[in-house]
Amino acid sequence: MRWCKKCLEPDTRPDCIFDDEGVCFPCKVSENVGEIDWQARRQELEKIARWAKSNRNRQRSCYDVIIPVSGGKDSHRQSLYAREELGLRPLLVTLAYPPEQQTKLGADNLANLIGLGFDCFYISPAPEVWRRMVKFAFMEYGNWCVATELALHSAAPKVGILYDIPLIIYGENYALTWGGDSSIGLDGDANRMKYSHTLKGGDVEPFLQRECSDDLLYWHRYPADDLIKRSELRMIFLGYYLRDFNDLTNGKLAIQRGLQQRTGEDAILEDIGQTRTDDALDDDFVIINQMVKYFKFGFGKASEQLSLMVRLGAISRDKALVLSRRLDGKCAPRYIKRFCNYIGITEEEFWVVADSYRNPEIWERCDDQWILKEQPR
Ligand SMILES: [Zn+2]
């Protein structure tokens, strides 16, 4: 493995790009931030907002924009920015995790956001279908999120088309923030997101073969391209237009408006494999996903968060290295136990699946323990 000279990004991320000096793509993006004409981008954003408002007369609803929300820090920033800075009338759309998965903190934070004066469209897919899909995706791909990403991304455009709402505002363009998948484009246009590596055109076929009939997957099925085109639905990434749209600023602003962070044992960094207590607040199973990602690619959530902080100048690369070695890939046994109970497998079965995703090129077995052949350096 090799790591970016400026941050901790490794070259094992699928489709990552490094330049001749060994600097990763997100670092190059961040180096060029000062040269971007932010005034022009702001004007472009205002023009889009004016276009959305001008559609009010033809609409079946009174909303200008949909904000897909989980209730976390980015959701707060997007919703408040759309209403208070752009003067839009937002409808929040949330796709709820089943009760076994959603944390109380997540529910409280969503309630806080709605309580700031928003209407919210709440979709709760049938828990049993959800559970079967999560189990299948974990066993088949070592990545249970494959099951839920489809519904999480499809819900907002579906509601947009149903209620004739012209615009959807997403948060960051993850191709710019994290690198890897540039198939979604490197600008503010989010209409290509359906063809990201994650959504693969919105294909639900793998799940149809596993006891999930077509009629059970309505909310998981991404709207067809011609339907999106006919409805003139426009989707954008707010992060492209705002210089300070990042974890630091979004977290700070959201906390000022009532967002609660992780507390108690759920805030122990060694247990959650993260460096922040204001991230991924609505779900603890994602910590498991980050751990298996660490097995596959040799990097976890902590080093991703740290790389971002290095780019923002909030921490030195040396300090980040120490923290990433301490926290990357960590996941407390209680989260794994809860996940196993949820999908109905034993912990032994869990580890057979999880360990099968360890990349033998980067891991070796020593004295009954798995160790990385190389540590970030
Ligand atoms: Zn970098």
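So, here's what we can say about the structure. Here the residue index of a chain counts from 1 through its sequence in written order. Totals for whole chains, interfaces and linings use all residues, but because this is a predicted model, local features are given only for residues with pLDDT of at least 70 and pairs of side-chain atoms are given and counted only at 80 or more. Just so you know, side-chain values use all the structure's heavy atoms and leave hydrogens and water out.

1. Digging into the overall build of the chain
Scanning the chain from N- to C-terminus turns up 17 helices and 7 strands. The C-alpha radius of gyration computed for the chain amounts to 21 Å, which stays within 12% of the reference 21 Å derived for 377 residues, consistent with globular compactness. If you line up the chain on its principal axes, its C-alpha atoms span 70 × 50 × 40 Å. Partly exposed describes any residue whose relative accessible area lies between the buried limit of under 20% and the exposed limit of over 50%, with all areas from a 1.4 Å probe on protein chains only and scaled to the type maximum. Sorting the 377 residues of the chain into buried and exposed places 53% on the buried side. In the chain, the share of contacts with a sequence separation of at least 24, taken over all contacts with a separation of at least 6, comes to 73%. If you sum the accessible surface of the chain, you get close to 16900 Å²; carbon and sulfur atoms cover 50% of it. Helix numbers and strand numbers start at the N terminus; a helix is a DSSP run of H or I with at least 4 residues, a strand a run of E with at least 2. Atoms counted for the radius of gyration: C-alpha only. Globule rule: 2.2 Å times residue count to the power 0.38. The contact definition used throughout considers only heavy atoms, calling two residues in contact when any of these lie within 4.5 Å. Working definition of accessibility: Shrake-Rupley area with a 1.4 Å probe, residue cover restricted to the visible protein chains.

2. Looking at the packing of helix 13 (residues 285–297) against helix 17 (residues 347–356)
Each axis is a line fitted through C-alpha atoms, taken for helices only over the stretch in contact, and angles between the N-to-C directions span 0 to 180 degrees. For the pair helix 13 and helix 17, interaxial distance at closest approach is 8 Å and the crossing angle is 45°. Here helix 17 runs oblique to helix 13, going by the angle between their axes. Where helix 13 approaches helix 17, its residues Ile288, Met291, Val292 and Phe295 are matched on the opposing element by Phe350, Trp351, Ala354 and Asp355. Classes in brief: Ala, Val, Leu, Ile, Met, Phe, Trp, Tyr, Cys and Pro nonpolar; Asp, Glu, Lys and Arg charged; the others, Gly included, polar. Grouping the amino acids of the contact of helix 13 with helix 17 by side-chain chemistry returns 7 nonpolar, no polar and 1 charged. Comment on the angle field: the value is read as roughly parallel under 35 degrees, roughly antiparallel over 145, roughly perpendicular from 65 to 115, and oblique elsewhere.

3. Quick notes on unusual backbone geometry
The backbone phi angle of aspartate 164 is positive, close to 60°, even though this residue is not glycine. If you trace the backbone, aspartate 164 turns up in the loop between helix 6 (145–162) and strand 4 (167–170). Of the residues examined, aspartate 164 reaches a relative accessible area of 12% and is grouped as buried. One non-glycine residue with positive phi stands out, namely aspartate 368, at about 65°.

4. Considerations on the coordination of the zinc ion
Coordination of the zinc ion by the protein is provided by Cys4 (SG), Cys7 (SG), Cys24 (SG) and Cys27 (SG), with metal-donor distances spanning 2.3 Å. With water excluded from the atoms, a metal site may look incomplete; its donors are any N, O or S atoms within 2.8 Å, or within 3.2 Å for Na, K and Ca. Square planar and octahedral sites, with four and six donors, are those where opposite donors lie more than 155 degrees apart and all other angles lie between 65 and 115, tetrahedral sites have four donors with every angle between 85 and 135 degrees, and the rest are irregular. Geometry at the zinc ion is tetrahedral, judged from the 4 donor atoms that bind it and their angles of 103 to 115° at the metal. The motif formed by the donor residues of the zinc ion, counted along the single chain, is C-x2-C-x16-C-x2-C.

5. Considerations on the nonpolar core
Throughout this description, the term nonpolar core refers to a set of buried Ala, Val, Leu, Ile, Met, Phe, Trp, Tyr and Cys residues connected via side-chain atoms within 4.5 Å. Counting residues in hydrophobic clusters, the biggest one holds 66 residues, and the most contacted among them are Phe138, Trp144, Phe339 and Phe350. Contributing elements (two or more residues each) for this core: strand 2 (90–95), helix 5 (127–141), helix 6, strand 4, strand 5 (234–237), helix 13, helix 16 (333–343) and helix 17. The residue makeup of this core includes at least three contributed by each of domain 1 (36–241) and domain 2 (268–372). If we ignore the near neighbours within four places in the chain, the residues touching phenylalanine 138 are Asn143, Trp144, Val292, Phe339, Ile343, Ile345, Phe350, Val353, Ala354 and Tyr357. Within the second largest apolar cluster, 25 residues are counted, among which are Leu45, Ala52, Val69 and Phe118. Segmentation of the chain into domains, including their bounds, is taken from an automatic or database domain assignment.

6. Here we look at the packing of helix 5 against helix 16
Where helix 5 contacts helix 16, the two axes come as close as 9 Å, and the packing angle between them is 115°. Contact residues: helix 5 offers Pro127, Trp130, Arg131, Val134, Lys135 and Phe138, while helix 16 offers Phe339, Tyr342 and Ile343.

7. Structural notes on the pattern of salt bridges
A pair is scored as a salt bridge if a Lys or Arg side-chain nitrogen falls within 4 Å of a carboxyl oxygen belonging to Asp or Glu. Under the defined criterion, the tally for this structure stands at 30 salt bridges. Among the salt bridges present, the one from aspartate 19 reaches lysine 28, with a minimum N-O distance of 3.2 Å. With a closest N to O distance of 2.9 Å, arginine 131 and glutamate 128 form a salt bridge. Remark: glutamate 128 and arginine 131 occur in helix 5; sequence separation between them is 3 residues, near one turn of the helix. Classification of arginine 131 as partly exposed rests on a relative accessible area of 23%. Overall, glutamate 128 belongs to the partly exposed group, its relative accessible area being 39%. Shared partners join several salt bridges into a network, and the residues in it are Lys6, Asp19, Lys28 and Glu31.

8. A few points about the sheet that holds strand 5
Strand order in this open sheet of 5 strands is 3-2-1-4-5, and the pairing throughout is parallel. What marks the edges here is a single partner per strand, and that holds for strand 3 (119–123) and strand 5. The mean angle between the axes of side-by-side strands here comes to 25°, regardless of whether they run parallel or antiparallel. The strands touched by helix 2 (residues 38–54) are strand 4 and strand 5; relative to strand 5, the strand with the most contacts, the crossing angle is about 150°. Helix-sheet contacts for helix 6 involve strand 1 (65–68), strand 2, strand 3, strand 4 and strand 5, and the interaxial angle to strand 2 is about 145°. By this definition, two strands are paired if DSSP reports at least two bridges between them.

9. Here we look at helix 6
A helix's residues, less one, multiplied by 1.5 Å, set its expected span. Between the first and last C-alpha of helix 6 there are 26 Å, a value that for 18 residues agrees with the 26 Å anticipated at 1.5 Å per step. If you look at helix 6, its biggest bend is around 30°, right at serine 154, and the proline proline 157 turns up within four residues after that. For helix 6, a buried count of 14 out of 18 residues is recorded, marking the element as mostly surrounded by other parts of the structure. Downstream of helix 6 by a residue or two, aspartate 164 has a phi angle that is positive, lying close to 60°. Throughout, the bend at a residue refers to the angle made by two axes, fitted to the seven residues ending there and to the seven starting there.

10. Here's the deal with the side chain of threonine 148
Relative to the elements of secondary structure, threonine 148 occurs in helix 6. Threonine 148 has contacts with Trp130 and Val134, leaving out every residue within four places of it along the chain.

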